[in-house]
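# Tertiary structure, described
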Amino acid sequence: MSSVTDSVREESKGARGHYKLEAWKKARELVLIIYKLTQAFPKEEMFGLTAQMRRAAVSIPSNIAEGAARAGKKEFAQFLNISRGSLSELETQLLIATDLGYIKNNDPVFELVDLVSRLITGLRKSIQS
């Protein structure tokens with residue numbers, strides 16, 4: 001990453017609340033892992049499972065960020081629900097990839113999915129109390 005991008009990102013951290021959220025940070029990590037993991041999938045999956053998994057993964061931190069930018073807690077909670085839905089979709093796709101032999105059932109990505117799930121659930125509970 002360039003130093004220009006780093007400095008722009010550093011400046012915007014103060015203005016954007018989602019930069020401080022652990023759920024958002026870990027969800028971004030998950031996106032990177034999904035992109036790397038799906039690079040090894042067969043080429044015929046490029047417009048199938050690979051594209052679906054990448055889209056679902058990107059949706060997770062995107063919805064956390066969008067929800068954090070909303071005015072009220074109720075709206076934020078709704079975007080966290082959407083994020084959890086995308087995470088469940090991704091988990092199902094990971095299981096299908098396991099069934100197809102593209103990844104192992106003990107791949108560390110499953111631990112990160114579980115962590116992101118717990119973080120989103122915890123964040124949702126904290127904004128509702």
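A brief look at the structure comes next. (Residues numbered from 1 in each chain as written. Predicted model: local features only at pLDDT ≥ 70, side-chain atom pairs only at ≥ 80, totals over all residues. Heavy atoms only, no water.)

Going through the model one piece at a time under the given rule, you end up with four salt bridges. Put simply, Glu-29 and Lys-26 hold a salt bridge, and the shortest N to O gap is 3.3 Å. Note that Glu-29 and Lys-26 are positioned in helix H2 (residues 22-39) at a spacing of three residues, about one turn of the helix. Of the residues examined, Glu-29 reaches a relative accessible area of 35% and is grouped as partly exposed. The salt bridge partner of Glu-75 is Arg-70, with a shortest N-O separation of 3.3 Å. Given the relative accessible area of 33%, Arg-70 is considered partly exposed. One network of salt bridges, in which partners are shared, links Glu-66, Arg-70 and Glu-75. (Salt bridge = Lys/Arg side-chain N within 4 Å of Asp/Glu carboxyl O. Helix = DSSP H or I, 4+ residues; strand = E, 2+ residues; numbered from the N terminus. Buried < 20%, exposed > 50% of the residue type's maximum accessible area, 1.4 Å probe, protein only.)

This part takes up the packing of aromatic side chains. In total, this model carries two aromatic pairs according to the counting rule given. Aromatic side chains Tyr-19 and Trp-24 sit 4.9 Å apart centroid to centroid with 50 degrees between the ring planes, which places their arrangement in the tilted category. Each of the two residues, Tyr-19 as well as Trp-24, counts as buried. Ring plane angle 45 degrees and centroid distance 5.1 Å describe the contact between Phe-41 and Tyr-102, whose orientation is recorded as tilted. Placement of the pair is Phe-41 in the loop between H2 and helix H3 (49-68) and Tyr-102 in the loop between helix H4 (73-99) and helix H5 (109-128), with a sequence separation of 61 residues. Residue Tyr-102 is classed as partly exposed on the basis of its relative accessible area of 25%. (Phe/Tyr/Trp six-rings, centres within 6.5 Å; stacked < 30°, edge-to-face > 60°.)

With that out of the way, let us pick up the nonpolar core. With 33 residues, the main nonpolar core has Leu-30, Ile-34, Ile-60, Ile-64, Leu-90 and Leu-94 as its most contacted residues. Broken down by secondary-structure element, the contributors of at least two residues to this core are H2, H3, H4 and H5. Among the elements that make up this core, the one with the highest residue count is H5 (eight residues). Residues within four places of Leu-94 in sequence aside, it is in contact with Ile-34, Leu-37, Met-53, Ile-103, Val-109, Phe-110 and Val-113. (Core = buried A, V, L, I, M, F, W, Y, C linked by side-chain atoms within 4.5 Å. Contact = heavy atoms within 4.5 Å.)

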